Amino acid sequence: MTWGPHYTQLDSYQENKQDELDYLIKQRQQCYYYRRNSKDEDEKEMWSTKAKEFTPQIKSLRFEIKSCKRIRERSIQKDIEKLAMKKIKQRESRDER
């Protein structure tokens, strides 16, 4: 099976989204780290608030990445079905001869 340009574009898009996700997760983890090491309760609260600001973006990126995986799976399944139908038609045409 050949991978067409649509797979390459999808893979590239997914990799970019994964890089964004990894970066945001690291940023949020850093906030949690600073919160853990803070002595002042106000500072702890500030770091908690900053960490929570990353959550909606992280959730959205995870959804996009999962969507890319589902698109790829459906596309591959369709390609397999097309290939199977092609082979069936080839066999039928050989049997008719």
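Because the structure is predicted, anything quoted here is derived from the model rather than measured.

Colleague: What am I meant to see in the nonpolar core here?
Modeller: Side chains of nonpolar character tend, in soluble globular proteins, to be buried together. If you look at the biggest cluster of nonpolar residues, it comprises ten residues: Leu-21, Leu-24, Ile-25, Cys-31, Trp-47, Ala-51, Phe-54, Ile-58, Leu-61 and Ile-65. Elements that contribute at least two residues to this core include exactly α1 (5–37) and α2 (41–96). Element by element, the count of residues in this core is highest for α2, at six residues.

Colleague: Honestly, the packing of aromatic side chains in this entry has me stumped. Any pointers?
Modeller: Here the structure, examined in full by the defined rule, presents two aromatic pairs. Aromatic side chains Tyr-34 and Trp-47 sit 4.8 Å apart centroid to centroid with 40° between the ring planes, which places their arrangement in the tilted category. With Tyr-34 in helix α1 and Trp-47 in helix α2, this pair connects stretches of sequence that are 13 residues apart. Feature note: the residues Tyr-33, Tyr-34 and Trp-47 constitute an aromatic cluster, connected by ring pairs.

Colleague: Which parts of the structure should I look at to understand the pattern of salt bridges?
Modeller: Should the charged atoms of two oppositely charged side chains come close, the side chains can pair. Across all of its chains, the model carries three salt bridges by this definition. Between Arg-72 and Asp-11 there is a salt bridge, with its nearest N and O atoms 2.3 Å apart. With Arg-72 in helix α2 and Asp-11 in helix α1, this residue pair connects regions lying 61 residues apart in the sequence. Residue classification places Arg-72 among the buried positions, given a relative accessible area of 17%. By relative accessible area, Asp-11 is classed as partly exposed at 27%. Between Lys-17 and Glu-64 there is a salt bridge, and its shortest N-O distance comes to 4.0 Å. In this pair, Lys-17 sits in helix α1 while Glu-64 sits in helix α2, placing the two residues 47 residues apart along the sequence. The structure contains a network of salt bridges with shared partners spanning Lys-17, Glu-20 and Glu-64.

Rules used throughout
Residues numbered from 1 in each chain as written. Predicted model: local features only at pLDDT ≥ 70, side-chain atom pairs only at ≥ 80, totals over all residues. Heavy atoms only, no water. Core = buried A, V, L, I, M, F, W, Y, C linked by side-chain atoms within 4.5 Å. Buried < 20%, exposed > 50% of the residue type's maximum accessible area, 1.4 Å probe, protein only. Helix = DSSP H or I, 4+ residues; strand = E, 2+ residues; numbered from the N terminus. Phe/Tyr/Trp six-rings, centres within 6.5 Å; stacked < 30°, edge-to-face > 60°. Salt bridge = Lys/Arg side-chain N within 4 Å of Asp/Glu carboxyl O.

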